[in-house]
Amino acid sequence: MRRYTQASALAITLLIPTFATAQDVSVSAGATLTSRYLFNGLEQSTGAALQPWLEAEYQGFYAGIWASNTARSLVGSSAEVDLYLGYRNAVGQFSYDLGYTRYYYRNPNVDCCGEVILALGYTPAEPLELGLRFAHDPVADYVNTRISLDYAINDKIGISTNYGTISKGGHDYWKVGGSYAISDNFGVDVAWEDTNISDGLIVVSLNTSFNLR
């Protein structure tokens, strides 16, 4: 199983530059500098985290890589690398995204786990978007269910909130925040994140993204 997942990870990584040579393929990249890395409301870093990413998409099919520094005292390793692929599309006011993400850790190296993820979206009115997301780990056999609401006040300012729960003895988590678009390529987010098993925290993030082709 470990050899299989390592081979899959390598294949996904090699897929991105391969896609980039094809016609009608879009390639995007970006990074987030955040005051604290939280996952499902739980701290993964003890300080600031830098999180670069790279993604290629072709007619709704996509593959990408995302990374972040982490705290060994919290997760056991000093870095996380996620490899993912899937398919996304929109039909009228509805959107869907079905994919798989594999979580790896470095220093020391750990092939942690993977999740099958289904995200559904509905836009009843243009400023408002409702979301429902399911993430299932077939090995640990849990389901992470999350609902979300996003509202665009104008072209630059937006507010959002979500609430999630993890089955099999997991925890509940929630988030309330706002975003401001500094430009087409830069933005800043401020959010309050909390859970039923830990103290809440204000997180400030600076985001950038751009198209490579």
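Keep in mind it's a predicted model, so treat the numbers as computed, not measured.

Novice: When you look at the overall build of the chain in this model, what are you seeing that I'm missing?
Specialist: Assigned secondary structure in the chain consists of 2 helices and 14 strands. Among the 213 residues that make up the chain, the fraction classed as buried is 33%.

Novice: What am I meant to see in the state of the cysteines here?
Specialist: Between two cysteines, a covalent bond joining their sulfur atoms is known as a disulfide. Applying the stated criterion across every chain, the model contains 1 disulfide. In this model, Cys-112 is linked to Cys-113 through a disulfide, with the two sulfur atoms separated by 2.3 Å. Every disulfide takes its handedness from the sign of the S-S torsion; for Cys-112 and Cys-113 that torsion is 65°, giving right-handed.

Novice: When you look at the side chain of Thr-101 in this model, what are you seeing that I'm missing?
Specialist: With respect to the secondary-structure elements, Thr-101 resides in strand 7 (residues 94–106). Apart from residues no more than four positions distant in its own chain, Thr-101 is found in contact with Asp-82, Leu-83, Tyr-84, Cys-113, Gly-114, Glu-115 and Ile-117.

Novice: What am I meant to see in the sheet that holds strand 10 (residues 142–152) here?
Specialist: Within a sheet, neighbouring strands are paired by backbone hydrogen bonds and run either parallel or antiparallel to one another. Read once around its circumference, the closed barrel built from 12 strands follows the order 1-4-5-6-7-8-9-10-11-12-13-14, with strand pairing classed as antiparallel. Put simply, the sheet's adjacent strands are angled 20° from each other on average, direction ignored. Alignment of strand 4 (residues 49–58) against strand 5 (residues 61–69), held across 6 bridges, turns out to be antiparallel. If you follow Trp-53 over to strand 5, its bridge partner there is Trp-66.

Novice: Explain the confidence of the model for the chain to me, please; I cannot follow it from the model alone.
Specialist: Any region with low pLDDT has predicted coordinates that should not be read closely. On average, residues of the chain carry a pLDDT of 92, and 90% of them reach 70 or more. Considering only residues more than four positions removed or in separate chains, one finds that residues 1–5, a stretch of pLDDT under 50, has 5 contacts.

Novice: How do you make sense of the packing of aromatic side chains when you look at a structure like this?
Specialist: By convention here, two paired aromatic rings are described through the distance between centres and the angle between planes. Enumeration over the complete set of coordinates arrives at 7 aromatic pairs. Consider the rings of Phe-61 and Tyr-87, whose centres lie 4.6 Å apart with planes at 50°: the pair is tilted. Taken together, the residues Phe-61 in strand 5 and Tyr-87 in strand 6 (residues 79–91) connect sequence positions 26 residues apart. The exposure class of Tyr-87 is partly exposed, given its relative accessible area of 25%. Each ring, one from Tyr-62 and one from Tyr-84, has its centre 6.1 Å from the other, and the planes form 50°; the classification is tilted. With Tyr-62 in strand 5 and Tyr-84 in strand 6, this pair connects stretches of sequence that are 22 residues apart. With a relative accessible area of 14%, Tyr-84 lands in the buried category. Three or more aromatic residues joined by ring pairs make a cluster, and in this case those are Phe-61, Tyr-87 and Tyr-96.

Novice: I'm lost on the environment of Gly-76 in this one. Help?
Specialist: Its place among the elements puts Gly-76 in the loop between helix 2 (72–75) and strand 6. With 34 residues separating them in the primary sequence, Gly-76 and Val-110 have C-alpha atoms 9.1 Å apart. Residues contacting Gly-76, with those up to four places away along its chain left out, are Ala-71, Asn-107 and Pro-108.

Novice: Would you take a moment to explain the pattern of salt bridges for this structure?
Specialist: Pairing between side chains becomes possible if they bear opposite charge and their charged atoms approach one another. A full pass over the atoms with the stated rule returns 6 salt bridges. With its nearest N and O atoms 3.6 Å apart, the salt bridge here joins Asp-97 to Arg-88. A salt bridge links Lys-168 to Asp-141; the nearest nitrogen and oxygen atoms lie 3.6 Å apart. Here the residue Lys-168 occupies a position in the loop between strand 11 (157–166) and strand 12 (172–181), and Asp-141 occupies one in the loop between strand 9 (128–137) and strand 10, the gap between them amounting to 27 residues.

Novice: In this structure, what is going on with the pairing of strand 7? I would like to understand it.
Specialist: It is a general feature of regular strands that their side chains alternate between the two faces of the sheet. Relative to strand 7, strand 6 runs antiparallel, the two being bridged by 13 bridges. Of the residues in strand 7, the one forming a bridge with Ala-79 is Arg-106. Connecting the antiparallel pair strand 6 and strand 7 is a turn made up of 2 residues, with Gly-92 showing a positive phi of about 60°. In this sheet, strand 8 (residues 110–125) lies alongside strand 7 in antiparallel orientation, the contact comprising 12 bridges. Across the sheet, Phe-94 pairs through a bridge with Tyr-122, a residue of strand 8. What sits between strand 7 and strand 8 in their antiparallel hairpin is a turn of 3 residues, with Asn-107 showing a positive phi close to 60°.

Calculation notes
In this convention, every chain numbers its residues from 1, walking through the sequence in written order. In keeping with the predicted nature of the model, local features appear solely for residues at pLDDT of at least 70, side-chain atom pairs appear and are counted solely at 80 or more, and the whole-chain, interface and lining totals rest on all residues. Hydrogens and water molecules were not included; the side-chain quantities draw on all heavy atoms of the structure. Numbering of helices and strands runs from the N terminus, with a helix taken as a DSSP run of H or I at least four residues long and a strand as a DSSP run of E at least two residues long. Note on classification: 1.4 Å probe, protein chains only; a residue is buried when its accessible area is under 20% of the maximum for its type, exposed when over 50%, partly exposed between these limits. For the purposes of this analysis, a disulfide is any pair of cysteine sulfur atoms at a distance within 2.5 Å. Any two residues whose heavy atoms approach within 4.5 Å are treated as being in contact. Any two strands are treated as partners once DSSP identifies two or more bridges connecting them. Here an angle of 0 to 180 degrees is reported between the N-to-C directions of two axes, which are lines fitted to C-alpha atoms, with helices fitted over the stretch in contact. Confidence of the prediction at every residue is given by pLDDT, a number between 0 and 100. The aromatic pairing rule takes the rings of Phe, Tyr and Trp, using the six-membered ring of Trp, and pairs them if the centres are within 6.5 Å, calling planes under 30 degrees apart stacked, those over 60 edge-to-face and the rest tilted. By definition here, a salt bridge exists when the distance from a side-chain nitrogen of Lys or Arg to a carboxyl oxygen of Asp or Glu is within 4 Å.

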